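Residues per chain are reported as follows:
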Amino acid sequence: MKRTLLTLLAALALLPALADEGMWLPSLISERIDDMRAKGFRLTAEDIYSINKASMKDAVVLFNGGCTGELISPEGLLLTNHHCGYDAIQKHSTVEHDYLTNGFWAMSRAEELPNEKLWVRFLVRMEEVTDRIAAGETAAQIVEKAKAEGTGYKASVEQMYYGNQQFLFVYEQFDDVRLVAAPPSSIGKFGGDTDNWMWPRHTGDFSMFRVYASKDNRPAAYSPQNVPYRPKKHFSISTKGVKEGDFTMIYGFPGNTQEYILSDAVAYIAERSDPAKIAIRTGRLDIITKAQESDPALRIHYAAKHASIANAWKKWQGEALGLTRLNTVASKQEYEQAFQAWAQDKPEYRDVLKELKAEYARIFDAYFALELMSETIRTGELNRIYNRPSFGDEIYPQVKALNRDLFRVLYREYYDNCPQEYMVPLFAAEVERLGSPEAYAELMFEATHKEDESTEAPELEALRADIRTTVTRIFEELGKCSTRNLNSERLNELYTTYIKGLREWDTERAFYPDANLTLRVAYGKVGGYQYADGVYHKPYTTVEGILEKDNPEIYDYNIPQRLRDIIAAKDYGRWGVEIDGRTTVPVCFLADNHTTGGNSGSPVVNADGELVGINFDRTWLSTMSDIAFDPAFCRNIALDIRYVLFVIDRIGDASYLFEEMDFAE
């Protein structure tokens, strides 16, 4: 009776997995196509992924190793997010040509701007190679054979289900990718850090590039003789829009999820890791924000740094709140108890949970020390010589004062929180000698802000060397494995067995491999959600909401005057549509597709495979979907393609680009 009750509790806890959760491998999408079609999809599995004919996979790219992009014309025109193209836009910006502030719109192919070290990859094919590796062929041998198949080919063998399966991914890489268009940051980053991870959202988060190739359509280094790439497939664009309940599919490169970790790991993240990192970054942001508010030059100088710190800081807050709200630790504990009851008479699986928990207990402090180091004494501000950098003498005194405060705060955080066994020995010894972490911070601050940069400060080099030694020791304890997540070599081995056992036991569960920056399909529907008692979040926003947030006194909400005038006059032209009995232009929409980092820029398509949006974010409490997906609450945020077209036309005066696009009416 007890075993039956536990099994029932576990099954109830996992009911959400039967909804729109999942990041599915495209080559195996035929296993999901019946469910997709039952939810409204009108195409076939081969339309999504095929190696015999052009399919959607041929219109999707991995954009520079961290985002996704999609081809929208037969001439290599590509859409991705503004924040994905931000680095390229910034590098082209000068005081005379401030493309970040004013936007950039190439009015001819000759005006499109090349970008050094910017690349895109198309997936040529993926195939399971588990049997080949079991037969003795190494992953390196498989990769080298695949790379030799074509010009510009890249390849990798990736683990699925903690090594229970291995897949080869073969890509074609193009290195001539040119900037075509970007809206002003007051559109592309509208709302800034304040609106990041939030809903309602009104951010026009897009930029446009073009892929170029040799005259025979092959990958080639940048050359004026290159021509626009002719893709096998590009997306047609729907101007019909979406409404609540409509089918949506996202096709992209999600970066990292941990759906199968134990309750022990969830508790570590929600109760120890996230709170500690949030507190540390709060201190950093308080110091930087105060300086930014004191001087416009400091605001500009620290804009990218502030955004970088704040992005994960805000994400971790939502993640911890979401995991607590969903009671994830307790739900996983019930699930583990049910698995253990099943595994008790099975020698292969009987002890795997006990050993996993023991290994977690062994490595918690070591991994926390690594995270703490990264957030404190290994941050960029504390880890380089600062004499009189390129930003000039006029703000150097303020920058120096800010850095002094950062040193003092972060040295104290490291000293107070690092497990003694894993504290950098020199750090501990110097704090003991000088009497406090603040005193040591002063010494190191002077070492990094010396006037003569011709030689390395010995104090700085000594600390760096001892940090490297400490990190190496921790890595040796964890074993040869990725430390992106709480992990060790032994944990990987045990999870291989555990996941194998889960798939044998829980035959009703729809298993999918964790995200690892390989191409995946996620599908669901457009939908709002009940945010709190009496508060329902509608699944769309409109341009009127931009005007409501508009504030020329606040940098992140100061929209271009031209946009302000158009909205105020309701001068929408052909882009005006009827929503809730009024003429407006839609901006963003919500759906329950399962996404994560790396899905930025992913195409959002409708039931006919037509482009209706560009994915760019999740709602705040959805960030816990990297660990546990709640279909009632988890929502991705997409930019409505109609707002993209509106901005191209009415703000950029670049409607000539429409001539190369295909529109589905």
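The preceding data block contains the structure.
Keep in mind the model is a prediction, meaning the values are calculated, not measured. (Residues numbered from 1 in each chain as written. Predicted model: local features only at pLDDT ≥ 70, side-chain atom pairs only at ≥ 80, totals over all residues. Heavy atoms only, no water.)

**Student:** Sorry if this is basic, but what is going on with the overall build of the protein chain here?
**Tutor:** In terms of helices and strands, the protein chain carries 22 helices and 24 strands. Seen through its C-alpha atoms, the protein chain measures out along the principal axes to roughly 70 × 70 × 60 Å. Expressed as a percentage of its 665 residues, the buried residues of the protein chain come to 58%. (Helix = DSSP H or I, 4+ residues; strand = E, 2+ residues; numbered from the N terminus. Buried < 20%, exposed > 50% of the residue type's maximum accessible area, 1.4 Å probe, protein only.)

**Student:** Teacher, can you tell me more about the nonpolar core here?
**Tutor:** Within soluble globular proteins, side chains that are nonpolar tend to cluster in buried spots. Membership of the largest hydrophobic core comes to 167 residues, with the highest contact counts inside it found for Met208, Tyr498 and Tyr643. Sequence-distant contacts of Met208, defined by excluding residues within four places in its chain, comprise Ile72, Leu77, Leu78, Leu79, Arg178, Leu179, Val180, Ala181, Ile648, Leu657 and Met661. Formed by 24 residues, the second largest nonpolar core is a distinct cluster that contains Cys84, Phe122, Phe174 and Ala213. (Core = buried A, V, L, I, M, F, W, Y, C linked by side-chain atoms within 4.5 Å. Contact = heavy atoms within 4.5 Å.)

**Student:** Quick question: what am I supposed to make of the state of the cysteines here?
**Tutor:** Each disulfide is one covalent bond, formed between the sulfur atoms of two cysteines. Using the criterion set out here, one finds 1 disulfide in the structure. The disulfide bridge from Cys67 ends at Cys84, spanning 2.2 Å between sulfur atoms. On the sign convention where negative means left-handed, the S-S torsion of about -85° between Cys67 and Cys84 marks this disulfide as left-handed. Remark: Cys84 occurs in helix H4 (residues 82-92) and Cys67 occurs in strand S2 (residues 67-71); sequence separation between them is 17 residues. What makes Cys67 buried here is its relative accessible area of 10%. Cys84 sits in the buried class, given a relative accessible area of 14%. Its sulfur unpaired, Cys588 is 15 Å from the next cysteine sulfur, which belongs to Cys84. With no disulfide partner, Cys634 has as its closest neighbouring cysteine sulfur the one in Cys588, 18 Å distant. (Disulfide = S-S within 2.5 Å.)

**Student:** Mind showing me how you'd approach the pairing of strand S9 (residues 176-182) here?
**Tutor:** Taken residue by residue, a regular strand's side chains alternate between the two faces of the sheet. Here S9 lies mainly inside the structure; 7 of its 7 residues are buried. Summarising the sheet, strand S4 (residues 104-105) and S9 pair through 2 bridges and their orientation is antiparallel. Along S9, the bridge assignment pairs Trp105 with Ala181. Bridging between strand S5 (residues 113-114) and S9 involves 2 bridges; their strand directions are antiparallel. Bridging from a neighbouring strand, Pro114 pairs with Arg178 of S9. (Pairing = 2+ DSSP bridges.)

**Student:** Sorry if this is basic, but what is going on with the environment of His449 here?
**Tutor:** Note that His449 resides in the loop between helix H17 (437-448) and helix H18 (458-478). Each C-alpha atom, one on His449 and one on Ser436, is 20 Å from the other, the two residues being 13 residues apart in sequence. Beyond its immediate stretch of four places on either side in the chain, His449 contacts Tyr386, Tyr396, Lys400, Asn403 and Phe407. Side-chain polar atoms of His449 contact the side chain of Asn403, separated by 3.2 Å. A polar atom in the side chain of His449 sits 2.9 Å from the side chain of Thr448. (Polar contact = N/O pair within 3.5 Å; in protein donor to acceptor, adjacent residues only side chain to side chain.)

**Student:** Is there a simple way to explain the packing of aromatic side chains in this structure?
**Tutor:** Aromatic ring pairs: the centre-centre distance and the angle between the two ring planes describe each pair. Taken as a whole, this structure holds 35 aromatic pairs when the rule is applied. Arranged with centres 5.3 Å apart and planes meeting at 75°, the rings of Phe427 and Tyr440 form a pair that is edge-to-face. A residue pair is termed long-range when its members are at least 10 positions apart, and Phe427 in helix H16 (residues 425-434) and Tyr440 in helix H17 qualify at 13 residues. Neither Phe427 nor Tyr440 differs from the other in exposure class; each is buried. Plain terms: the ring middles of Trp575 and Phe658 are 5.8 Å apart, the flat faces sit at 70° to each other, and that makes the pair edge-to-face. Separated by 83 residues along the polypeptide, Trp575 in the loop between helix H21 (561-569) and strand S18 (577-579) and Phe658 in the loop between helix H22 (641-651) and strand S24 (663-664) bring together distant segments of the chain. Residue Trp575 is classed as buried on the basis of its relative accessible area of 10%. For Phe658, a relative accessible area of 9% gives the class buried. Grouped by ring-pair contacts, the aromatic residues Tyr162, Tyr268, Tyr335, Phe339, Trp342, Tyr349, Tyr360, Phe364, Tyr367, Tyr495, Tyr498 and Trp505 constitute a single cluster. Here the basic side chain of Arg503 rests over the ring of Tyr161, its NZ or CZ set 3.8 Å away from the ring centre. (Phe/Tyr/Trp six-rings, centres within 6.5 Å; stacked < 30°, edge-to-face > 60°. Lys NZ or Arg CZ within 6 Å of the ring centre and 35° of its normal.)

**Student:** Before we go on, may I ask you to explain helix H12 (residues 303-325) in this structure?
**Tutor:** For an α-helix, the turn length of 3.6 residues means that residues three or four places apart are oriented alike. Helix length check: H12, at 23 residues, gives a terminal C-alpha distance of 33 Å against a target of 33 Å (1.5 Å per residue), a fit within 8%. Along H12, the residues that are buried comprise His306, Ile309, Ala310, Ala312, Lys314, Lys315, Trp316, Gly318, Glu319, Ala320, Gly322 and Leu323. Turning to H12, the residues buried within the fold contact helix H9 (192-195), helix H10 (263-294), helix H13 (328-343), helix H14 (352-375) and strand S22 (611-618). (Expected span 1.5 Å × (residues − 1).)

**Student:** Looking at this model, I keep getting lost on the packing of H14 against helix H19 (residues 489-505). Mind explaining?
**Tutor:** The axes of two packed helices give the description: the angle between them and the distance between them. Between H14 and H19, whose axes approach to 10 Å, the crossing angle comes to 155°. Put simply, H14 runs roughly antiparallel to H19. For H14 against H19, the interelement crossing comes out left-handed. Residue-level contacts link Val352, Leu353, Glu355, Leu356, Glu359, Tyr360 and Ile363 of H14 to Arg490, Leu491, Leu494, Tyr495, Thr497 and Tyr498 of H19. Classifying every residue of the contact of H14 with H19 gives 9 nonpolar, 1 polar and 3 charged. (Axes fitted to C-alpha atoms, helices over the stretch in contact; angles between N-to-C directions. Parallel < 35°, antiparallel > 145°, perpendicular 65-115°, else oblique. Left-handed = near helix turned anticlockwise from the far one by under 90°. Nonpolar A, V, L, I, M, F, W, Y, C, P; charged D, E, K, R; others polar.)

**Student:** Got a minute to help me understand the pattern of salt bridges in this structure?
**Tutor:** Pairs may arise between side chains of opposite charge once their charged atoms sit close together. Using the criterion set out here, one finds 55 salt bridges in the structure. Among the ionic pairs, Asp608 bridges to Arg42, the shortest N-O distance being 2.8 Å. Remark: Arg42 occurs in the loop between helix H2 (33-38) and helix H3 (45-48) and Asp608 occurs in the loop between strand S21 (603-605) and S22; sequence separation between them is 566 residues. Given a relative accessible area of 31%, Asp608 falls into the partly exposed group. (Salt bridge = Lys/Arg side-chain N within 4 Å of Asp/Glu carboxyl O.)

**Student:** When you look at helix H15 (residues 396-417) in this model, what are you seeing that I'm missing?
**Tutor:** With 22 residues, H15 should cover 32 Å at 1.5 Å per step; its first-to-last C-alpha distance of 31 Å lies within 8% of that length. All of the buried residues in H15 are Tyr396, Val399, Leu402, Asn403, Leu406, Phe407, Leu410, Tyr411 and Tyr414. Viewed end-on, H15 has its buried residues packed into an arc of 160°, placing them on one side of the element. If you follow the buried residues of H15, they end up packed against H10, helix H11 (296-301), H14, H16, H17 and H18. (Arc of directions from axis to C-beta.)

**Student:** Help me out: how do you make sense of the side chain of Glu21 in this one?
**Tutor:** Tracing the backbone through its elements, the reader meets Glu21 in the loop between helix H1 (2-13) and H2. Separated by 2.5 Å, the side chains of Glu21 and Tyr512 make a polar contact.

**Student:** For this particular structure, what's the right way to read unusual backbone geometry?
**Tutor:** Across the chain, the bulk of peptide bonds are trans and the bulk of non-glycine residues have phi less than zero. A cis amide bond links Trp199 to the next residue, Pro200, at an omega of 10°. Along the polypeptide, Pro200 turns up in the loop between H9 and strand S10 (207-213). Its identity as a non-glycine residue notwithstanding, Asp580 has a phi of 55°, on the positive side. Among the secondary structure elements, Asp580 is positioned in the loop between S18 and strand S19 (582-584).

**Student:** In this structure, what is going on with the pairing of strand S7 (residues 153-160)? I would like to understand it.
**Tutor:** Bridge analysis of S7 against strand S8 (residues 165-174) gives 8 bridges, and the strand direction is antiparallel. Each bridged residue has a counterpart across the sheet, and for Ala155 the counterpart in S8 is Val170. With antiparallel pairing between neighbouring strands as the criterion, S7 and S8 make up a hairpin whose turn holds 4 residues, including Tyr161 at a positive phi of roughly 55°.

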